[in-house]
Amino acid sequence: MNWERVPAGGTGIRCRPLPLIAMLWQGLATQAPLAGLAYLSAPARLLIAESDDAVASDLLDRVNRERKSVGLPALCDDGEIRETARRHSAEMMAAGRIYHDSPITGSSEDRLRDVSLFFWKSGENVARGPEAAMIHIGLMESPPHRENILDPGFTHVGIGVVSNGSDLYVTQLFLRVLPKAGPAELVDAALTKLQKIRGERRLLPLRKDMALVREAERLVEQMYQHDSQQPESLSPGLSNRSVRIIGCVGESPPWETVGEAAGFRWNSVGIGAIQGRSKTWPHGANWYVILLGD
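Bear in mind the structure is a predicted one, so any value in this text is a computation, not a measurement.

**Student:** Please give an account of helix H4 (residues 132-140) that cites residues and values.
**Tutor:** Most of H4 sits out of view: 7 of its 9 residues are buried. Buried within H4 are the following residues: Ala132, Met134, Ile135, His136, Gly138, Leu139 and Met140. Capping of H4 at its N-terminal end is provided by Glu131; its side-chain oxygen lies 3.0 Å from the backbone amide nitrogen of Ala133.

Below, the structure is given as structure tokens:
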């Protein structure tokens, strides 16, 4: 497919495969919203909305076929993400242009603040064109958009499509969702992983030490409440013991670092973990404290 590069105003460029599709790489100058579909009759709007849902399903199928072709798992369709994407497409249609950064709702990460899902990373594709096949081809021929579609780290997607009767406005939101988990689940998963690493290194399993467990739970609660990435000092009651402290915030502990730290010197362990949101991690994260004792 041939591409024409044309000035798009602002700092961005608009790329469109001849003759119809257009995609925007950067946000452009603010433009007042238009009336959108208000001039259409209610039955006509209903028909277009049903057609939009069908196009979104078509684009989802195309995305997952591309992933399957390179050995990647299919992305899970999510209603909350899809509705967030649809609202952005509706805004773009009203403005008559496509963009990532909105003068109304901000960036894609800003728009995702209202979803209940916890997620670790996100990506967004936006496009405009007359039909799904052309839009999908254009996205796949654009390296940054193709990278989002084929990113092995993404697990979920929401595709929102809005049509004005001639052009389709499309937003694809990709997320790496952080599975919801309580403290006990997080701790059990972390301990299982740590024991597996020990076994691979021909080391004996670590013994669960309840004093270290209580201390790890106290420290991780402090980390979460203070929105910190580092645990505070040990309680005086443990001052007479040799204890290695590992604290982190993320999708999971840095296992290579943890594995190196959990060497033959240590024979007991206590783990505390919390999942939640904070000012620093508005989309969710896991807080961990791992204490290794002799």
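**Student:** Give a description of the side chain of Arg111 that names residues and reports values.
**Tutor:** Tracing the backbone shows Arg111 in helix H3 (residues 108-111). Note on Arg111: relative accessible area 8%, which makes it buried. Of the polar contacts made by the side chain of Arg111, one reaches the backbone oxygen of His100; its length is 2.8 Å.

**Student:** Can you explain the sheet that holds strand S9 (residues 243-250)? Please cite residues and give values.
**Tutor:** Strand-to-strand pairing in sheets goes through backbone hydrogen bonds, with the strands running parallel or antiparallel. Read from one edge of the open sheet, 4 strands run S8-S10-S11-S9, paired in mixed fashion. Every other strand in the sheet has two partners, leaving strand S8 (207-208) and S9 as the edge strands with one partner each. Both S8 and strand S10 (residues 268-276) contribute to a ladder of 2 bridges, which runs parallel. Following the sheet pairing, Lys208 is matched in S10 by Val269. Lying over the sheet, helix H6 (residues 183-200) contacts S8, S10 and strand S11 (285-293), oriented at roughly 135° with respect to S10. Helix H7 (residues 210-225) rests against S8, S9, S10 and S11 of the sheet, and its axis sits at about 30° to S10.

**Student:** Describe in detail the nonpolar core, supporting the description with residues and values.
**Tutor:** A general feature of soluble globular proteins is that nonpolar side chains tend to end up buried together. Counting 21 residues, the largest nonpolar core has Leu59, Ile135, Ile149, Ile159, Val161, Val170 and Phe174 as the members making the most contacts within it. The residues contacting Phe174, other than those within four sequence positions of it, are Val63, Leu75, Lys121, Ser122, Gly123, Asn125, Asn148, Ile149, Phe154, His156 and Val157.

**Student:** Could you give an account of the packing of aromatic side chains, with specific residues and numbers?
**Tutor:** Following the criterion strictly, the structure yields 3 aromatic pairs and no others. Pairing Tyr224 with Trp287 gives two aromatic rings, centres 4.9 Å apart and planes at 75°, and the pair type is edge-to-face. Taken together, the residues Tyr224 in helix H7 and Trp287 in strand S11 connect sequence positions 63 residues apart. Across the ring face of Phe154, the terminal group of Lys121 is positioned such that the distance to the ring centre comes to 4.8 Å. Stacked on the ring of Phe118, the Lys or Arg Lys180 has its end atom at 4.8 Å from the ring centre.

**Student:** Give me the lowdown on the pairing of S10, citing residues and values where you can.
**Tutor:** Among the 9 residues of S10, 9 are classified as buried, and the element is accordingly described as predominantly covered. Burial along S10 is two-sided: the residues Ser268, Gly270, Gly272, Ile274 and Gly276 and Val269, Ile271, Ala273 and Gln275 are all buried. For S10 and S11, the ladder comprises 9 bridges, and the chain directions are antiparallel. Counted as the bridge partner of Ser268 is Gly293 from S11.

**Student:** I'd like to hear about the pairing of strand S5 (residues 118-129), residue by residue, with values.
**Tutor:** Of all 12 residues that make up S5, 9 are buried, and the element is covered over most of its length. With 11 bridges joining them, S5 and strand S7 (residues 168-178) adopt antiparallel strand pairing. Counterpart to Glu124 in the pairing with S7 is Leu173.

Cut-offs used in this document
- Residues numbered from 1 in each chain as written.
- Predicted model: local features only at pLDDT ≥ 70, side-chain atom pairs only at ≥ 80, totals over all residues.
- Heavy atoms only, no water.
- Buried < 20%, exposed > 50% of the residue type's maximum accessible area, 1.4 Å probe, protein only.
- Helix = DSSP H or I, 4+ residues; strand = E, 2+ residues; numbered from the N terminus.
- Polar contact = N/O pair within 3.5 Å; in protein donor to acceptor, adjacent residues only side chain to side chain.
- Pairing = 2+ DSSP bridges.
- Contact = heavy atoms within 4.5 Å.
- Axes fitted to C-alpha atoms, helices over the stretch in contact; angles between N-to-C directions.
- Core = buried A, V, L, I, M, F, W, Y, C linked by side-chain atoms within 4.5 Å.
- Phe/Tyr/Trp six-rings, centres within 6.5 Å; stacked < 30°, edge-to-face > 60°.
- Lys NZ or Arg CZ within 6 Å of the ring centre and 35° of its normal.

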